[in-house]
Amino acid sequence: MSIQYEVEQLADSYGVADSFPKDFGYGEEEADIEDSPAPSDSKPRILLMGLRRSGKSSIQKVVFHKMSPNETLFLESTNKIYKDDISSSSFVNFQIWDFPGQVDFLDPTFDYEMIFRGTGALIFVIDAQDDYVEALSRLHLTVSRAYRVNPEINFEVFIHKVDGLSDDHKIETQRDIHQRANDDLADASLEKLHLSFYLTSIYDHSIFEAFSKVVQKLIPQLPTLENLLNIFISNSGIEKAFLFDVVSKIYIATDSSPVDMQSYELCCDMIDVVIDVSCIYGLREDGSGSAYDKESMAIIKLNNTTVLYLKEVTKFLALVCILREESFERKGLIDYNFHCFRKAIHEVFEVGVTIQRPTGSQAVGSPCTKAVALNGTPRNTV
Ligand SMILES: Nc1nc2c(ncn2[C@@H]2O[C@H](COP(=O)(O)OP(=O)(O)OP(=O)(O)O)[C@@H](O)[C@H]2O)c(=O)[nH]1
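The name an unreviewed UniProt entry assigns to the chain is Ras-related GTP-binding protein, from the organism Eleginops maclovinus. UniProt annotates the chain under Catalytic activity (unreviewed entry) with the comment "GTP + H2O = GDP + phosphate + H(+)". If you open the UniProt record of the chain and go to Sequence similarities (unreviewed entry), you find "Belongs to the GTR/RAG GTP-binding protein family."

Okay, structure coming up:
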């Protein structure tokens, strides 16, 4: 498909400190930000668990560190818990803990009570290209332990590496894993424990889509965001709108019309184009400046009368819309509605920050640890 694009004023300045370094600002292990509301260990966390070589580290590297899928072939096995704090450059203020495959619950040094108590979501990764009998028994052991400690955890199962399977085989594998995992829970009288299943691969957008759904469940403001998006698109003649965390390309909310993978992929690709072009042409001569800032916006006109429209919402968030060319003729109206939408989003997250502030760090184990803290609005820009 040939693409004609205009990228306007991609970057001006957010200051050197806010510029995107090569990995878009993600720190390595446990990089804590100075004005972080909670000490790094009490931040809500997402756990990545599963058997050895199931693909846990690859998922984390591809989604949050821009590693290309082929490079994951050279990843070494993880042999201790790897804590990745992604709050300094992402909207979502959480930690991801990547576990080594062989976590032993009987090991007295493994304080699983402490770990599960502060957990928002537990992602269990199953290698769909391998025999998954052992993975299923490990899944059962892990989720039943975790549920006893903290029934508030969202349990997510990634049936991973499905790029190697045919479409029929994918459906059959998902059905089989779903059936067996739930039978095991029923046998243990744990019917209330709900597992969600996703077919994923790092070689396409499915891993970003699945991670988006996991993160969305942890955002308390989700219904408000969806509502705002619905109002915005219905008053602007827009077909679909996604609110993206720019760095990870996770969408944290969309309007209530169904998501089709193609639209999502198109929007992800647009973010890549904007950031890449901006990194080349948007920085100052001395290389300072930021690839994404308040001025960031882009319009891409496709040759099938579809228009993609991207605009900055906050330091970490962008709105990407899909609309028809004829609707785009009323750009003034869209921009006015966007202005109101942006203001509302800032208000939603300002309230969130104000509510979080008096309590300071969240008490580990309190019900609110399920919800991720959000970097929705930069405090000094509203
Ligand atoms: N085909 C395919 N291979 C994948 C996918 N994800 C990961 N892999 C490969 O699986 C292998 C193991 O990946 P890792 O990410 O190291 O697995 P891990 O679960 O972190 O392993 P441990 O650190 O030993 O627990 C690597 O060779 C990856 O390239 C996928 O979606 N599809």
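1. Some remarks on helix 4 (residues 167-187)
When the terminal C-alpha atoms of helix 4 are compared, their 30 Å separation across 21 residues agrees well with the 30 Å that a helix rising 1.5 Å per residue should span. Its buried side turned inward, helix 4 meets strand 6 (119-127), helix 3 (133-149), strand 7 (154-160) and strand 8 (195-199). Following helix 4 by one or two positions, Ser189 adopts a phi angle in the positive range, close to 55 degrees.

2. Describing the packing of helix 3 against helix 4
It is at 10 Å that the axes of helix 3 and helix 4 come closest, and there the two elements cross at 40 degrees. Regarding the angle of helix 3 to helix 4, the classification is oblique. Considering only the axes of helix 3 and helix 4, their crossing is right-handed. From helix 3, Val133, Leu136, Leu139, His140 and Val143 reach across to helix 4, where they touch Ile177, Arg180, Ala181, Asp184 and Leu185. Among the residues forming the contact of helix 3 with helix 4, the class breakdown is seven nonpolar, one polar and two charged.

3. Description of the site of the ligand
Taken together, 20 residues are adjacent to the ligand, and Ser57, Ser58, Ser77, Thr78 and Asp163 come closest. Arg52 places a side-chain nitrogen or oxygen 2.8 Å from an oxygen atom of the ligand. For the ligand, an oxygen atom lies 3.2 Å from a polar atom in the backbone of Ser54. The fraction of the free accessible surface of the ligand (660 Å²) that becomes covered by protein chains is 92%. If one sorts the elements of the shell around the ligand by residue count, helix 1 (residues 56-65) sits on top with three residues. Residue composition of the shell around the ligand, grouped by class: four nonpolar, eleven polar and five charged.

4. Description of the pairing of strand 10 (residues 250-254)
With five of five residues buried, strand 10 lies mostly within the body of the structure. Where strand 9 (residues 240-245) and strand 10 come together, four bridges link them in antiparallel fashion. Bridging from a neighbouring strand, Phe242 pairs with Thr254 of strand 10. Remark: four residues form the turn of the hairpin made by strand 9 and strand 10, two consecutive strands paired antiparallel; Lys249 in that turn has positive phi of roughly 60 degrees.

5. Overview of unusual backbone geometry
One non-glycine residue with positive phi stands out, namely Arg53, at about 60 degrees. Inspection of the secondary structure puts Arg53 in the loop between strand 2 (45-50) and helix 1. Classification of Arg53 as exposed rests on a relative accessible area of 52%. Here Lys249, not a glycine, exhibits a phi torsion of approximately 60 degrees, which is positive. With respect to the helices and strands, the residue Lys249 is situated in the loop between strand 9 and strand 10.

6. Overview of the confidence of the model for the chain
Caution applies to low-pLDDT regions: their predicted coordinates should not be interpreted in detail. This prediction gives the chain a mean pLDDT of 79; 77% of its residues lie at or above 70. Under a pLDDT of 50 for its full length, residues 358-373 has, in the predicted model, 37 contacts with residues more than four places off or in other chains. In the predicted assembly, ipTM is 0.98 and pTM is 0.79.

7. What about the sheet that holds strand 5 (residues 95-98)?
In spatial order, the strands read 3-5-2-6-7-8; together these six strands make up an open sheet with mixed pairing. The two strands at the open ends of the sheet, each matched to only one other strand, are strand 3 (82-85) and strand 8. Ignoring strand direction, the axes of neighbouring strands in this sheet form an average angle of 20 degrees. Relative to strand 6, strand 2 runs parallel, the two being bridged by six bridges. Across the sheet, the residue bridging to Met49 is Phe124, located in strand 6. Strands strand 2, strand 5, strand 6, strand 7 and strand 8 of the sheet are contacted by helix 5 (residues 206-216), whose axis makes an angle of about 175 degrees with strand 7.

Definitions and limits used
Residues numbered from 1 in each chain as written. Predicted model: local features only at pLDDT ≥ 70, side-chain atom pairs only at ≥ 80, totals over all residues. Heavy atoms only, no water. UniProt positions renumbered as here; feature names shortened; annotations may be inferred. Helix = DSSP H or I, 4+ residues; strand = E, 2+ residues; numbered from the N terminus. Expected span 1.5 Å × (residues − 1). Contact = heavy atoms within 4.5 Å. Axes fitted to C-alpha atoms, helices over the stretch in contact; angles between N-to-C directions. Parallel < 35°, antiparallel > 145°, perpendicular 65-115°, else oblique. Left-handed = near helix turned anticlockwise from the far one by under 90°. Nonpolar A, V, L, I, M, F, W, Y, C, P; charged D, E, K, R; others polar. Near = heavy atom within 4 Å. Polar contact = N/O pair within 3.5 Å; in protein donor to acceptor, adjacent residues only side chain to side chain. Areas by Shrake-Rupley, 256 points an atom, 1.4 Å probe, with all protein chains shown as cover. Buried < 20%, exposed > 50% of the residue type's maximum accessible area, 1.4 Å probe, protein only. Pairing = 2+ DSSP bridges. pLDDT = per-residue confidence, 0-100.

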